[in-house]
Amino acid sequence: MNRLAKETSPYLLQHAQNPVDWFPWGEEALAKAKAENKPILVSIGYSACHWCHVMEHESFEKDDVAEVMNKHFVSIKIDREERPDIDAIYMDAVQAMGVQGGWPLNVFLMPDGKPFYGGTYFPKQNWIKLLEAVNNGFANNQEELQKSAEGFTENMLFRETDRYGLIFENQDFVQADLDMMYKKLTNTFDEEWGGFQRSPKFPMPSIWMFLLRYAKTSPEGLAHLKFTLNKIAIGGIYDQLGGGFARYSVDSEWFCPHFEKMLYDNGQLVSLYSEAYTLTQEELYKETVYETIGWLKREMASPEGGFYSALDADSEGVEGKYYVWYKAEIDEILGTDSEAFCKDYQVTEYGNWEHGVNILWKNDTVLNSKYKEQIEKLNQERNKRIRPGLDDKILCSWNGLMLKGLVDGYRAFGEAEFLELALQNAHFIKDKFLKDNILSHSYKNGEIKIKGFLEDYAAVIDAYTSLYQATFEEIWLHLAEKLTLYVCQNFWDEEDQLFYFTDKDAEALIARKKEIFDNVIPCSNSMMARNLYTLGLLLDREDFKGLSKLMLCKMKDLLLKNVDYLTNWACLATQMVLPTVEFAIVGNNADKFRKEIDLRFHPNKVISGTKTQSELPLLENRTAKADETLVFVCYNKTCQLPVKSVEEAFLQIR
């Protein structure tokens, strides 16, 4: 056992028996490198990463490779999901070196932690040659390598304002800006398979959330959105038997998944399909949400109320083995029902994937409920197989995303079980991750570790704000406000007028980064900007709304040029362009009225409510008679006369 045996991360524990003398990231390793004047090898991955496993088996488990690494390097293993701050720094450095990023990420550092070379996956012989070359270069050209490392580090210290030309212009967004962003997105629409013309294909929820918000303006945009959501839900990227989405499809057809399932994808996709259902009433979307939450409860829920991080792509060392089928297996299990099932799920005798096996994917939007009994039989058989590995650490940010998904599912469908799961998770986050208004990032075996990042605060604030609007339990709104104030005090950069990714009191690294580009997960700055806007309305805080507008306006030029990776910012722009309706509900039937409001698609809204009375700004000094419930429809602090039904309230909406 090496030093990783004392860690809690499943990924680090996977390497605890390697002959490599791995260190976790920390002072011991960094001090050793300085004391012995050795280069540092930082190797970054995560537990569900297929090529991370391959490189471990090919190289890190081998004595001859370990001998070279142990002799010439101080080797540090990092779980990128535990330390996204470190991963972001060295990923930036490797990309600045002209290497396409990815995982495993292997970066060579000078003893002071500054990077001078790096790459991703290396086959064994290439890896040994690289180790020897780097060692030789360090021994004979240390001064030149140090200069190179200084250059890469200096490049990371440029502020985002300077790097991307972010300039605040006190200029509001208008409809024409939304039209321009939408048109740019349409240039690469995949009209045959949905999504965008690229492979591999990753689910990009923030892009489709923007299309949802633009839907009333563009029937074509709505049609493409529905086409995309349909293709994903019937595709192989979605687990047709057990529910839940894989991380991405290796092809352009949503057919062949990279079989790992990540909590963050599923949380966001539950939100997306729930909201899309309120607009389209597509039964496929409802079924997808119910099945995915069923998977979550069955396979990802901890007894304490938290949600685990990921399921591996591999089982028994083979990618996808748990999920694929030979036709003969299905024939034996389903008997006379097999023919119809195999036709609808595109199963063939010779296999639709490699080695004669089949990935289940549908050629039409047939509902899985049509084959409920057959799916149950196949699941009973599948459950006998050796399961993919589970990454059972619990991450605050990803739990926030999943909590938001559960709340959105509850608001769309009124399913009591979704709310029950959401409240369990909300209390888990409050009780385990939160202390003195400060969040931690990771939890396992009763132990919290790592000071919370901006992504943790952003996701939890969003989830708690939505949970308040679903329940009218004010504890969640007040917690969201307290966390937001902490973020403003401890993450804000007055010069850039954006938030840092790390707390001012966190461990000092060679650079302090900011996230501004949305990817498979929206960036933490765009999430915070949207949080500030929503909380500003609910709490009547002009400071929050002003900060939100400031951040968005700084991003305007970049957003209009590069909307593809800024679509969560674009969602905020839709809120700025279209008037945000503020519903205030007072009376015994406040919960019932809220449910009726949420069943209708109207994303640009906030809701406050109370059965009796409340000191919240939208509800203050508002009461109803014992036998009635009133709805106030407000815009920018100005309310219309109260009405006694949701139908009347929607007639007042602009």
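Here, the structure is the one placed above.
I will try to describe carefully the structure that is included in this document.

What counts and how
- Residues numbered from 1 in each chain as written.
- Predicted model: local features only at pLDDT ≥ 70, side-chain atom pairs only at ≥ 80, totals over all residues.
- Heavy atoms only, no water.
- Helix = DSSP H or I, 4+ residues; strand = E, 2+ residues; numbered from the N terminus.
- Buried < 20%, exposed > 50% of the residue type's maximum accessible area, 1.4 Å probe, protein only.
- Contact = heavy atoms within 4.5 Å.
- Polar contact = N/O pair within 3.5 Å; in protein donor to acceptor, adjacent residues only side chain to side chain.
- Salt bridge = Lys/Arg side-chain N within 4 Å of Asp/Glu carboxyl O.
- Phe/Tyr/Trp six-rings, centres within 6.5 Å; stacked < 30°, edge-to-face > 60°.

## Considerations on the environment of Q268
Here Q268 is to be found in helix α12 (residues 263-280). By relative accessible area, which is 8% here, Q268 ends up buried. Separated by 140 residues in the primary sequence, Q268 and D408 have C-alpha atoms spaced 9.7 Å apart. Other than its neighbours up to four places away in sequence, Q268 contacts P205, L401, V520, I521 and P522. Reaching out from Q268, the side chain makes a polar contact with the backbone oxygen of Y264 at a distance of 3.2 Å.

## Observations regarding the pattern of salt bridges
Side chains that differ in charge, positive against negative, can pair when their charged atoms come close. For the structure on display, the rule yields 53 salt bridges. Between D190 and K201 there is a salt bridge, with its nearest N and O atoms 2.8 Å apart. With D190 in the loop between α9 (175-186) and α10 (205-214) and K201 in the loop between α9 and α10, this residue pair connects regions lying 11 residues apart in the sequence. Each of the two residues, D190 as well as K201, counts as buried. Beyond isolated ion pairs, a larger network of salt bridges with shared partners links R159, E160, D493, E495, D496 and K514.

## With respect to the packing of aromatic side chains
Taken as a whole, this structure holds 41 aromatic pairs when the rule is applied. Judged by centre distance (5.1 Å) and plane angle (80°), the ring pair of Y164 and F517 falls under edge-to-face. In this pair, Y164 is assigned in helix α8 (residues 160-164) and F517 in the loop between β18 (498-499) and α21 (524-539), connecting sequence segments 353 residues apart. Relative to F499, the ring of W492 lies with its centre 4.9 Å away and its plane at 70°, an arrangement referred to as edge-to-face. Exposure remark for F499: the relative accessible area of 0% places this residue in the buried category. Counting every residue linked through ring pairs, the aromatic cluster contains W22, F60, F73, F108, F116, F122 and W127.

## Things to note about the side chain of T288
Checked against the element boundaries, T288 lands in helix α13 (residues 283-300). Taking relative accessible area as the criterion, T288 reaches 3% and is therefore assigned buried.

By themselves these figures say nothing about function.
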